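Fold and geometry: a report
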Amino acid sequence: MTDKPAHLLSVAHAEGRKTTWFELFFDLVFVTAVAGLASRFGEHYTLAGAVEFAFLFLVLWWLWLGHTFHATRFDEDRLHQRLTGLAQMLAMVIVAYGTGDAFGERVRAFALGIAAFKALLAMSYLSQSHRAGLDRLVKLYAAIYSLQALAWTSSVLVDPDTRLMLWIAAFALDVVSPFIVAKETWRAPPHPEHLPERFGLFTIILLGESFASAAHGLDHAGHLTGEGLAVAACGTALAFLFWTGYFHRARGSSERHVADAASGQKLRLWAYGHIPLYLGIAGMAAGTLFMAHHTHPHGAEPWLYSGAAAMAMFGVTLVAVASRPGDAKPGSARPYIAIALLTAFGGGIGLIGGAPIMALAILLLACLQVFVSVRAANRME
């Protein structure tokens with residue numbers, strides 16, 4: 001019995017497992033944090049604001065990712081797991097507050113909130129050390145999260161430059177951790193149905209933020225204008241197209257079975273493909289908020305918007321390559337990448353013709369990407 005993969009012994013890997021009500025409840029605190037970040041970026045829509053937003057967003061997303069990968073392996077809806085989840089939510093409330101000025105007056109709240117969340121993740125993994133064959137896996141994860149908790153805690157005691165280096169080092173450990181534990185994950189692979197559903201729900205959270213940003217942008221304008229309404233309409237239409245591209249064309253929420261090294265590599269490609277996708281969607285949401293009441297952008301502003309759209313297109317392409325057999329063939333992704341690159345140059349249209357024309361041009365390019373995908377699918381049938 002102990003020679004079997006550990007996930008076969010756990011009800012957490014029961015066939016047909018779905019997201020629990022607690023997980024949906026848990027996501028709400030991340031909705032709050034992401035909405036706050038996007039709103040702040042939309043109000044400080046500069047290159048420096050984009051770098052700050054991207055870093056903070058990815059730090060937050062990796063918290064969600066850590067909780068999700070643990071839950072998809074081990075969550076059995078038990079009381080102690082719910083209490084740990086509640087503690088993580090409380091830590092996230094502090095983190096969400098800290099994101100309002102993470103590099104300034106609220107730095108302690110932000111850093112210590114993350115440290116607490118990481119420490120709780122370490123404890124969660126150690127609580128699974130009784131499972132046969134998983135000793136090395138849980139100890140690796142516990143060591144990674146403990147080290148990160150120490151780095152985030154220590155960062156509030158040092159000068160700002162050293163603090164930033166500690167934050168970057170802790171985040172780098174997040175990025176490489178899947179490769180550190182890669183040889184052990186077959187013993188308790190992520191649930192093939194539950195994990196994609198969780199990613200799909202987070203995708204919907206971000207797409208929903210696009211609609212909220214469109215409404216907030218119009219509200220900030222003070223009075224409704226045709227140009228502002230056009231930007232908001234294009235922003236919401238883009239969100240719909242990315243929903244279509246992710247769930248129907250790329251099949252991003254399809255099952256993820258990890259049975260060998262090749263499928264493990266595809267899982268990592270699929271997961272990492274969400275990085276440009278999520279940054280792009282969130283960046284476009286912030287851009288819609290800004291440009292709905294700044295319809296004649298200048299400087300880096302239009303390039304930030306077109307760059308975000310290009311990132312989202314590239315991310316959908318990576319997810320498709322990891323999801324659809326036909327898209328994994330050499331050269332199959334080239335048309336989509338070409339469209340994404342063309343989109344990145346849309347900022348020039350914004351400088352010349354204004355935000356509404358640029359948003360419409362990017363919307364048409366997104367339609368083209370979906371159209372090319374439909375044509376390719378039809379040829380394969």
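Residues numbered from 1 in each chain as written. Predicted model: local features only at pLDDT ≥ 70, side-chain atom pairs only at ≥ 80, totals over all residues. Heavy atoms only, no water.

So, on to the packing of helix α5 (residues 135–154) against helix α6 (residues 160–180). At a minimum axis distance of 9 Å, the contact between α5 and α6 shows a crossing angle of 170 degrees. Judged by the angle between their axes, α5 and α6 are roughly antiparallel. Contacts between α5 and α6 involve L140, I144, L147, Q148, A151, W152 and S154 on the former and, on the latter, L166, W167, A170, L173, D174, S177 and I180. (Axes fitted to C-alpha atoms, helices over the stretch in contact; angles between N-to-C directions. Helix = DSSP H or I, 4+ residues; strand = E, 2+ residues; numbered from the N terminus. Parallel < 35°, antiparallel > 145°, perpendicular 65-115°, else oblique. Contact = heavy atoms within 4.5 Å.)

Bringing the pattern of salt bridges into the picture now. Summed over the entire model, instances satisfying the criterion amount to nine salt bridges. One salt bridge in this structure joins R78 and E76, with 3.1 Å as the shortest N-O distance. By relative accessible area, R78 is classed as partly exposed at 48%. With its nearest N and O atoms 3.3 Å apart, the salt bridge here joins E76 to R131. Placement of the pair is E76 in the loop between α2 (47–74) and α3 (79–98) and R131 in the loop between α4 (107–126) and α5, with a sequence separation of 55 residues. (Salt bridge = Lys/Arg side-chain N within 4 Å of Asp/Glu carboxyl O. Buried < 20%, exposed > 50% of the residue type's maximum accessible area, 1.4 Å probe, protein only.)

For the rest of this paragraph, the subject is the nonpolar core. Counting residues in each nonpolar core, the largest one holds 103 residues, and the members touching the most others are F57, W61, F199 and F202. For this core, the leading source of residues is α2, giving 15 residues. The contacts of F199, once residues within four sequence positions are left out, are W61, W64, L65, F69, Y246, W270, A271, H274 and Y278. (Core = buried A, V, L, I, M, F, W, Y, C linked by side-chain atoms within 4.5 Å.)

The subject of this paragraph is the layout of surface pockets. Volume-wise, the largest pocket comes out at about 490 Å³. If you go around the largest pocket, you meet 30 residues; those closest to its centre are R73, P178, T185, L267 and R268. Among the elements that make up the lining of the largest pocket, the one with the highest residue count is helix α9 (residues 261–291) (eight residues). Its residues placed into classes, the lining of the largest pocket shows 20 nonpolar, five polar and five charged. Approximately 250 Å³ is the volume attributed to the second largest pocket. (1 Å grid on protein atoms, 1.4 Å probe; cavity = no way out; pocket = protein on both sides within 12 Å on 5 of 7 lines; lining within 4 Å. Points joined across faces, edges and corners; volume = space filled by probe spheres on them. Nonpolar A, V, L, I, M, F, W, Y, C, P; charged D, E, K, R; others polar.)

Further remarks concern the packing of aromatic side chains. Across all of its chains, the model carries 31 aromatic pairs by this definition. Here F26 and F30 contribute two aromatic rings whose centre-to-centre distance is 5.5 Å and whose plane-to-plane angle is 40 degrees, an arrangement assigned as tilted. Of this pair, F26 and F30 both sit in helix α1 (residues 21–43), separated by four residues, roughly a single helical turn. For F30, a relative accessible area of 1% translates into the label buried. An angle of 40 degrees between the planes, with centres 4.9 Å apart, marks the rings of F41 and Y45 as tilted. In this structure F41 comes out as buried when scored by relative accessible area, which is 6%. Taken together, the aromatic side chains of F55, W61, W62, W64, F69, F171, F179, F199, F202, W270, Y272 and Y278 make up a single cluster linked through ring pairs. (Phe/Tyr/Trp six-rings, centres within 6.5 Å; stacked < 30°, edge-to-face > 60°.)

Enumeration over the complete set of coordinates arrives at four cavities of 30 Å³ or more. A volume near 60 Å³ is recorded for the second largest cavity. Every residue lining the second largest cavity is listed: L207, S210, G235, L238, A239, F242, I281, M284, A285, T288 and Y305. Only α7 (194–220), α8 (226–249) and α9 provide two or more residues apiece to the lining of the second largest cavity. Its residues assigned to classes, the lining of the second largest cavity shows eight nonpolar, three polar and no charged.

Once that is clear, we can look at the state of the cysteines. Applying the stated criterion across every chain, the model contains zero disulfides. Of the cysteine sulfurs around C234, a residue in no disulfide, the closest is that of C367, at 9.6 Å. You can call C234 buried: its relative accessible area is 8%. Overall, C367 belongs to the partly exposed group, its relative accessible area being 35%. (Disulfide = S-S within 2.5 Å.)

Of note, T317 is situated in helix α10 (residues 301–323). For T317, a relative accessible area of 6% gives the class buried. Filtering out sequence-adjacent residues up to four positions away, T317 remains in contact with A333, Y336, I337 and Q369.

Attention now moves to the environment of R131. On the accessibility criterion, R131 (14% relative accessible area) is buried. For the pair R131 and A376, spaced 245 residues apart in sequence, the C-alpha to C-alpha distance is 46 Å. Among the polar contacts made by the side chain of R131, one reaches the side chain of Q128 at a distance of 2.6 Å. (Polar contact = N/O pair within 3.5 Å; in protein donor to acceptor, adjacent residues only side chain to side chain.)

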